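# Per-entry structural report
So the chains spell out like this:
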Amino acid sequence: MDIRHVIDFNDITPEQWDALCALGGEIKASPRDFERACEHKIMATLFYEPSTRTQLSFQTAMMRLGGKVMGFADPSSSSVSKGETLRDTVKIISAYSDVTVIRNPVEGAAYAASLYSRVPIINAGDGGHLHPTQTMTDMFTIQQNFGRYQGLTIGLCGDLLNGRTVHSLVRALSRYEGNTFYFISTAELKMPSYVTELLRKTNNTLYEVETLDECISRLDILYMTRIQRERFKTAEDYAKQSGIYILTAEKMKQAKSDMIILHPLPKVDEIDYDVDDDPRARYFEQAENGMYIRMALIHEVCINNSRIAMPGAYPAPSPAYCRNPRCISNHEKYLPPMIKETDGHHFCAYCDHKLKV
Amino acid sequence: MDIRHVIDFNDITPEQWDALCALGGEIKASPRDFERACEHKIMATLFYEPSTRTQLSFQTAMMRLGGKVMGFADPSSSSVSKGETLRDTVKIISAYSDVTVIRNPVEGAAYAASLYSRVPIINAGDGGHLHPTQTMTDMFTIQQNFGRYQGLTIGLCGDLLNGRTVHSLVRALSRYEGNTFYFISTAELKMPSYVTELLRKTNNTLYEVETLDECISRLDILYMTRIQRERFKTAEDYAKQSGIYILTAEKMKQAKSDMIILHPLPKVDEIDYDVDDDPRARYFEQAENGMYIRMALIHEVCINNSRIAMPGAYPAPSPAYCRNPRCISNHEKYLPPMIKETDGHHFCAYCDHKLKV
Amino acid sequence: MDIRHVIDFNDITPEQWDALCALGGEIKASPRDFERACEHKIMATLFYEPSTRTQLSFQTAMMRLGGKVMGFADPSSSSVSKGETLRDTVKIISAYSDVTVIRNPVEGAAYAASLYSRVPIINAGDGGHLHPTQTMTDMFTIQQNFGRYQGLTIGLCGDLLNGRTVHSLVRALSRYEGNTFYFISTAELKMPSYVTELLRKTNNTLYEVETLDECISRLDILYMTRIQRERFKTAEDYAKQSGIYILTAEKMKQAKSDMIILHPLPKVDEIDYDVDDDPRARYFEQAENGMYIRMALIHEVCINNSRIAMPGAYPAPSPAYCRNPRCISNHEKYLPPMIKETDGHHFCAYCDHKLKV
């Protein structure tokens, strides 16, 4: 497959992804065959903000491959650096580890880390920007259940405005054709226009609706998301919106018998307790799949890429600085400005914000 | 032995306990024979409140069996759940692990967890309720020193009112006969009446005394406990009471030459420093025994029970809700009320509080 | 080599150090030959203050030897002890582990721990007192680069007053002869007189200078240190002093082509970013060497010393109490006062403060 750093799901080609999915399926079917695959390998987990769930999934994945894990887990780990640059931390840690998993609240941090690492970097979330292994988890679960990424009717429900998870999933699915999407949200929490525009350019169909009832009977996949309390100005705002999209056993009566319900978890109250017992609820299976696909990914980058040489050539510095205040290039001053070009537009290579050149 | 979840020491039959003790003794005698016993197994440690000592004992036990450990350790791990139910956390984690150790400040939490776990749950403390592996540590140490649970004279000294440890130990020993107990405390810190009543129903003898001097010369076992500063209203109250029961080298002169001193540790000043060097002081050996008996327990539940099916049948819901505000059933609203009946009385199955049906 | 506890670098004889360096070199050259060397061994890391970097280096070292790691990492681990003495903690933990690494903000804590431990204690920093594995890292890197500890010209630059690291390195090098030292600092941050006096008694040459420019062209080794913000009374004081000793590519033009730059890391701004790309910058290699020499040390103490008997004989108690308020003997009251004599002077055996007997 020749996957090196994993910063963005879409860096992986569809062919690489098929191979990775196949490996994930093999591991899921015969985990014992892989329990020594990464013996004597060490994974570093650099979590600059806490995310116990993601960290446990990565740790377990590495342990089930026979490998070992070290790292730090929480914000007080700012004591890690005593003002040290991300670059120095990555240089040191990549001399200790065979693969490094990084989570950081600043956008583009994982990409910046990959510029200085001697070992593969896996992005475990860089602010509101990317979280590719969550997308892999979702895509792998779809593959496990349907065996294809076309001809599916997919509903995404909840807070579509702020949900990094759903944006990435739509971007990932937009590489395929012949699917129908329902974006289900209130007007205030609608999918951002860059996502809908991206999808509209492809051979897929998109509907934006305001209630689950309008579309649930047509769906193959219902992807639920949490409406985060912290996104709302007042408690009343929250109560008003959060109640609208709760999935109940009653609503499930309208759904197809082979529809599957996905959710990135943790869920709070957007799915009624008794829906958990519906065989169509697949979010716990999805969480378990997250472990298997991370095993496949770690296996791939550890076995084939360990102790790779330092990256030699960076893109030439650019005169256009990124204006996104949450971009790593505005936090770590030594980073060279870097541009990538898509469809005639220029974007910051760290955080993907559009640049005016 | 066929032990599955370990919520309460008394869930284990005396026969199972004898077998577990025998295994603990084997491991203590030949630890090398077990250093690969749980290879490729993973233990999750879900510590919803910090207890470094208990966690290190469990971690070391699993490591000495060749297994691996992941989990979380502290209160900030409330970030674990972002409002997630215990049920969801347990469902996800039990897909990752082969055995799950849980510590939680809410009474009945471990039992609640066991209802939703695909792997064995070990209770590492649920509030002031139960802490079965501490009781196992104590019972195993008695077994190692005396080879029997009858014909012994046992003194329990210190804060008997608030000490979960001593309540559980008395409950465990009350399953045997022909022992003599001395409860040594001030009037304010006396053993709760439910414990003394339980013991009085059995073929054992009980004395309640106010000083060590009254009984120390008769004891085979002196079980000391810490008088916790946080239990007292004022510093003077604490100073007055804590000083009374301090064990000194002087007092030890009255004790039998083969008496043993136990203590759940950590101790503060209830035992003088120089008593540590007395060969009758066995509390450090007791702490080490805690590791061996946990190894036996983990071995037993990991090897025989891994990946058990989800529990299918719950007791029928009951109309009698538990009125204990510290009970998990009053914190996690989806939990079905559950009753167990003993001697014609009804008790909450989570926290053991008496119900009015 | 017969190394047991490692409290002070200078406890290790030059012969033992040569052997340890040779082992470190072997491990660095063929790490795969050692990946099972400490299989089934457990290292405890007792970090009473956070030091993520040091802890990760020790953890990785043990993992690369095939061993396992448990312990605690942060100040909230004061909950470890609930008022427990260091002695009790060490007694319990040394029943669980094969080697114990301890970091503690109180001077002499590692030595105190070694009095009660059944397994080797490695000092990972005891307040401003000692940090022997950092010294080992520095000495091993010099050995790897020059193959000798004589005939070298060594510059030490930055905060020489407060830098535990440079004090220890000079003490270590003072056991060899024929070297030339340049101490490069402002008057306010000069090397303490006890260090300069120690060096002046040996067959080495010492110059104290105020600028890098005066000596950089003569140096074989330039050891840079961080000027810690927290050492200064005001922000202006800090700004004034910190700027003076910044190492730039411009200054590096004056240096020899085979000079090496060392730094204990983390660095902040005392070395310009572009100096990192100079092949003479060896501080990242130095950090990596820290892992290899720790592997050698752990290997040595684990393989040869595991489960050693409790130390039986302590030095006789002394009438002279240590007056250093930061000394462990003034924090843990059960510790016997202990004296060591050097050149007719008496020193506290815990913290090395001079005693008036």
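Nothing here was measured: the structure is a model prediction, and the numbers come from that model. Within each chain, residues carry numbers counting from 1 in the order of the written sequence. All chains are assigned letters beginning at A, and all ligands numbers beginning at 1, according to the order in which they are written. Under the rules for a predicted model, residues below a pLDDT of 70 receive no local features and side-chain atom pairs below 80 are neither given nor counted, while totals for whole chains, interfaces and linings still include all residues. Derived side-chain values reflect all non-hydrogen atoms in the structure, with water molecules and hydrogen atoms excluded from consideration.

### Examining the environment of Arg200(B)
Residue and element names in this part refer to chain B. To be explicit about the condition: Secondary structure elements are defined from DSSP: runs of H or I of at least 4 residues count as helices, runs of E of at least 2 residues count as strands, and each element is numbered from the N terminus. Should any heavy atoms of two residues lie within 4.5 Å, those residues are considered in contact.
Structurally, arginine 200 can be placed in helix α7 (residues 193-200). When the C-alpha atoms of arginine 200 and serine 174 are compared, they prove to be 9.1 Å apart, with 26 residues separating the residues in sequence. Apart from residues lying up to four places away in sequence, arginine 200 is in contact with Leu206 and Glu208.

### What to know about the relation of the copies chain C and chain B
Short version of the rule: In superposing the copies, a least-squares fit is computed on C-alpha atoms, taking residues whose pLDDT is at least 70 in both.
The two copies are related by a screw operation: chain C maps onto chain B through 120 degrees of rotation and 0.0 Å of translation along the axis, at an RMSD of 0.0 Å. Here the two chains are linked by the operation of a three-fold rotation axis. Minimal C-alpha separation from the rotation axis in chain C is found for Lys68(C), amounting to 5.1 Å.

### With respect to helix α2 (residues 52-64) of chain C
Residues and elements named next belong to chain C. Rule in force here: By definition here, a helix of n residues has an expected span of 1.5 Å times n minus one. Note on exposure labels: buried denotes an accessible area under 20% of the residue type's maximum, exposed denotes more than 50%, and partly exposed covers the range between, all computed with a 1.4 Å probe on protein chains only.
Compared with the 18 Å implied by 1.5 Å per residue over 13 residues, the 18 Å span of α2 between its first and last C-alpha is a close match. The element α2 is extensively covered by neighbouring structure, given that 12 of its 13 residues are classed as buried. All buried positions along α2 are accounted for by Thr52, Thr54, Gln55, Leu56, Ser57, Phe58, Gln59, Thr60, Ala61, Met62, Met63 and Arg64.

### Topic: empty space enclosed by the protein
How we decide: Computed over the protein atoms alone on a 1 Å grid, cavities are sets of points where a 1.4 Å probe fits but cannot get out and pockets are open sets with protein on both sides within 12 Å along at least five of seven lines; a residue lines them when it has an atom within 4 Å of a point. Grid points are joined across faces, edges and corners, and a volume is the space filled by probe spheres set on the points. When residue character is reported, Ala, Val, Leu, Ile, Met, Phe, Trp, Tyr, Cys and Pro are called nonpolar, Asp, Glu, Lys and Arg charged, and the others, Gly included, polar.
Under the defined criterion, the tally for this structure stands at 10 cavities of 30 Å³ or more. Approximately 250 Å³ is the volume found for the largest cavity. In this structure, the largest cavity is lined by 17 residues; those nearest its centre are Glu39(A), Lys68(A), Glu39(B), Glu39(C) and Lys68(C). In terms of residue class, the lining of the largest cavity is made up of one nonpolar, six polar and 10 charged.

### Describing the pattern of salt bridges
Defined as follows: One speaks of a salt bridge when a side-chain nitrogen belonging to Lys or Arg is within 4 Å of a carboxyl oxygen belonging to Asp or Glu.
According to the stated counting rule, one finds 51 salt bridges over all chains in the structure shown. Salt-bridge contacts for Glu250(A) lead to Lys253(A); the nearest nitrogen and oxygen are separated by 3.2 Å. Classification of Lys253(A) by relative accessible area gives exposed; the value is 64%. One salt bridge in this structure joins Asp88(B) and Lys267(A), with 3.0 Å as the shortest N-O distance.

### Quick word on the packing of helix α6 (residues 164-173) of chain B against α7(B)
Residues and elements named next belong to chain B. Let me state the cut-off plainly: In this analysis, axes come from line fits to C-alpha atoms, helices being fitted only over the stretch in contact, and the angle between any two N-to-C directions falls in the range 0 to 180 degrees. Working rule for angles: under 35 degrees goes down as roughly parallel, over 145 as roughly antiparallel, 65 to 115 as roughly perpendicular, anything else as oblique. Handedness of a helix crossing follows the sense of rotation of the near helix relative to the far helix, less than a right angle counterclockwise being left-handed and clockwise being right-handed.
Here α6 crosses α7 at 15 degrees, and the two axes come no closer than 10 Å. Taken together, α6 and α7 sit at an angle that is classed as roughly parallel. Every pair of crossing elements has a handedness; the one defined by α6 and α7 is left-handed. Across from His167, Val170 and Arg171 in α6, the residues of α7 making contact are Tyr194, Val195, Leu198 and Leu199. Here the residues of the contact of α6 with α7 sort into five nonpolar, one polar and one charged.

### Description of the interface of chain C and chain B
Spelled out, the test is: Pairing of N or O atoms within 3.5 Å defines a polar contact, subject to two protein rules: one partner must be a possible hydrogen donor and the other a possible acceptor, and residues neighboring in sequence count only if both atoms are side-chain atoms.
Each side of the interface is counted separately: chain C has 28 residues, and chain B has 25 residues. There are six salt bridges connecting chain C and chain B. Across the salt bridge formed by Arg87(C) and Asp276(B), the nearest N and O atoms sit 3.1 Å from each other. Along the contact surface separating chain C from chain B lie 11 residue pairs in polar contact (both at pLDDT 80 or more). Those elements that provide at least two residues to the side of chain C that touches chain B are β2 (68-72) and α3 (86-96) of chain C. In terms of residue class, the side of chain C that touches chain B is built from 10 nonpolar, seven polar and 11 charged.

### Regarding the interface of chain A and chain B
Put simply, the rule is: The buried area of a pairing is the accessible area, by a 1.4 Å probe, that goes missing from both parts when the two are put together, added over both.
Contacts between the two partners involve 25 residues from chain A and, on the opposite side, 28 residues from chain B. Taking both partners together, chain A and chain B bury about 2400 Å²; carbon and sulfur atoms supply 52% of that area. Considering only the side of chain A, the residues that lose the most area to chain B are Met63(A), Arg64(A) and Tyr273(A), jointly responsible for 23% of the buried surface there. Across the contact surface, chain A and chain B share six salt bridges. Viewed at the interface, chain B and chain A are joined by 11 residue pairs in polar contact (both at pLDDT 80 or more). Put simply, the parts of the chain that give the side of chain A that touches chain B at least two residues each are α2 (52-64) and α10 (283-305) of chain A. It is α2(A) that provides the largest number of residues to the side of chain A that touches chain B, a total of eight residues. Here the residues of the side of chain A that touches chain B are counted per class, giving 10 nonpolar, six polar and nine charged.

### Description of the sheet that holds strand β9 (residues 260-262) of chain A
Residue and element names in this part refer to chain A. The following threshold applies: Only when DSSP finds a minimum of two bridges between them are two strands counted as paired.
Across the sheet, which stays open at both edges, the five strands sit in the order β7-β6-β5-β8-β9 with parallel pairing between neighbours. Each having just a single partner strand, β7 (205-209) and β9 make up the two edges of the open sheet. Neighbour to neighbour, the strand axes of the sheet diverge by 20 degrees on average, direction disregarded. Sheet topology note: the strand β8 (residues 221-224)/β9 ladder contains three bridges and is parallel. Bridge pairing links leucine 222 to isoleucine 261 in β9.

### Quick notes on helix α3 (residues 86-96) of chain B
Within α3(B), 11 of the 11 residues are buried, which leaves it mostly tucked inside the rest of the structure. Those residues of α3(B) not exposed but buried are Leu86(B), Arg87(B), Asp88(B), Thr89(B), Val90(B), Lys91(B), Ile92(B), Ile93(B), Ser94(B), Ala95(B) and Tyr96(B).

### Concerning the packing of helix α1 (residues 14-29) of chain B against helix α5 (residues 132-146) of chain B
In helix packing, the relevant descriptors are the interaxial angle and the interaxial distance, both defined with respect to the helix axes. Residues and elements named next belong to chain B. Where α1 contacts α5, the two axes come as close as 11 Å, and the packing angle between them is 75 degrees. With respect to α5, the axis of α1 lies roughly perpendicular. Across the interface between the two elements, Trp17, Leu20, Cys21, Gly24, Gly25 and Lys28 from α1 touch Met136, Met139, Phe140, Gln143 and Gln144 from α5.

### Describing the environment of Leu156(B)
Residue and element names in this part refer to chain B. Mapped onto the elements, leucine 156 comes out in strand β5 (residues 153-157). Along the sequence, leucine 156 and asparagine 289 sit 133 residues apart, while their C-alpha atoms lie 20 Å from each other. Leave out the neighbours within four places in its chain, and leucine 156 touches Val166, Leu169, Val170, Phe181, Tyr182, Phe183, Ile184, Met191 and Tyr223.

### Looking at the domain arrangement of chain A
All names here are of chain A. As a reminder of what qualifies: Residue ranges assigned to each domain were obtained from an automatic or database domain assignment.
Parsing chain A into structural domains produces domain 1 (9-127 + 288-303) and domain 2 (132-281). Look at where the C-alpha atoms of domain 1 and domain 2 centre, and you get two points 27 Å apart. Contacts between the two partners involve 25 residues from domain 1 and, on the opposite side, 19 residues from domain 2. It is Phe9, Asn10 and Trp17 that lose the most area in domain 1 upon contact with domain 2, and together they represent 32% of the buried surface on that side. Scanning the region where domain 1 abuts domain 2 turns up seven residue pairs in polar contact (both at pLDDT 80 or more). Those elements that place two or more of their residues in the side of domain 1 that touches domain 2 are α1 (14-29), α2, β4 (121-126) and α10. Here the side of domain 1 that touches domain 2 is built from residues that sort into 11 nonpolar, nine polar and five charged.

### Description of the side chain of Thr60(A)
Checked against the element boundaries, Thr60(A) lands in helix α2. Residue class for Thr60(A) comes out buried when judged on its relative accessible area of 0%. There is a polar contact of 2.7 Å between the side chain of Thr60(A) and the backbone oxygen of Leu56(A). Aside from chain neighbours lying at most four places away, what touches Thr60(A) is Met291(A), Ile42(B), Met70(B) and Tyr96(B).

### A look at the packing of aromatic side chains
In plain terms, the rule: Any two of the Phe, Tyr and Trp rings considered here, Trp counted by its six-membered ring, make a pair once their centres fall within 6.5 Å; the pair's planes then place it as stacked at under 30 degrees, edge-to-face at over 60, or tilted in between. Placement of a positive charge over a ring is assigned whenever Lys NZ or Arg CZ falls within 6 Å of the ring centre and within 35 degrees of the normal to the ring plane.
Per the stated rule, a full pass over the model turns up 27 aromatic pairs over all chains. Judged by centre distance (4.8 Å) and plane angle (40 degrees), the ring pair of Tyr149(B) and Tyr176(B) falls under tilted. Pair noted here: Tyr149(B) is in the loop between α5 and β5 and Tyr176(B) is in the loop between α6 and β6 (180-184), with a separation of 27 residues, a long-range link. When sorted by exposure, Tyr149(B) lands in the same class as Tyr176(B), which is buried. Both rings, one in Phe181(B) and one in Phe183(B), keep their centres 6.4 Å apart while their planes meet at 70 degrees; by these two values the pair is edge-to-face. A relative accessible area of 1% places Phe183(B) in the buried class. Geometry around Phe58(A) places Arg294(A) over its ring, the cationic atom sitting 4.8 Å from the centre.

### Some remarks on the sheet that holds strand β1 (residues 42-47) of chain B
Residue and element names in this part refer to chain B. Reading across from one edge, β2-β1-β3-β4 is the order of the four strands in this open sheet, with parallel pairing throughout. A single partner strand is all that each edge strand has here, and the edge strands are β2 (68-72) and β4 (121-126). Here the average twist between neighbouring strands, direction ignored, is 15 degrees. One ladder, built from four bridges, connects strand β3 (residues 99-104) with β4; its direction is parallel. Its bridge partner lying in β4, threonine 100 is registered against isoleucine 121. Packed on one face of the sheet, α3 meets β1, β2 and β3 and runs near 160 degrees to β1.

### Here's the deal with unusual backbone geometry
Geometrically, the link from Leu265(A) to Pro266(A) is a cis peptide bond, its omega value of 0 degrees lying close to zero. Its place among the elements puts Pro266(A) in the loop between β9 and α10. With phi around 70 degrees, His40(A) is a residue other than glycine that occupies positive phi space. As for its placement among the helices and strands, His40(A) is situated in the loop between α1 and β1 (42-47). A relative accessible area of 22% places His40(A) in the partly exposed class. Phi angles above zero are rare outside glycine, and Leu265(C) is one such case at about 55 degrees.

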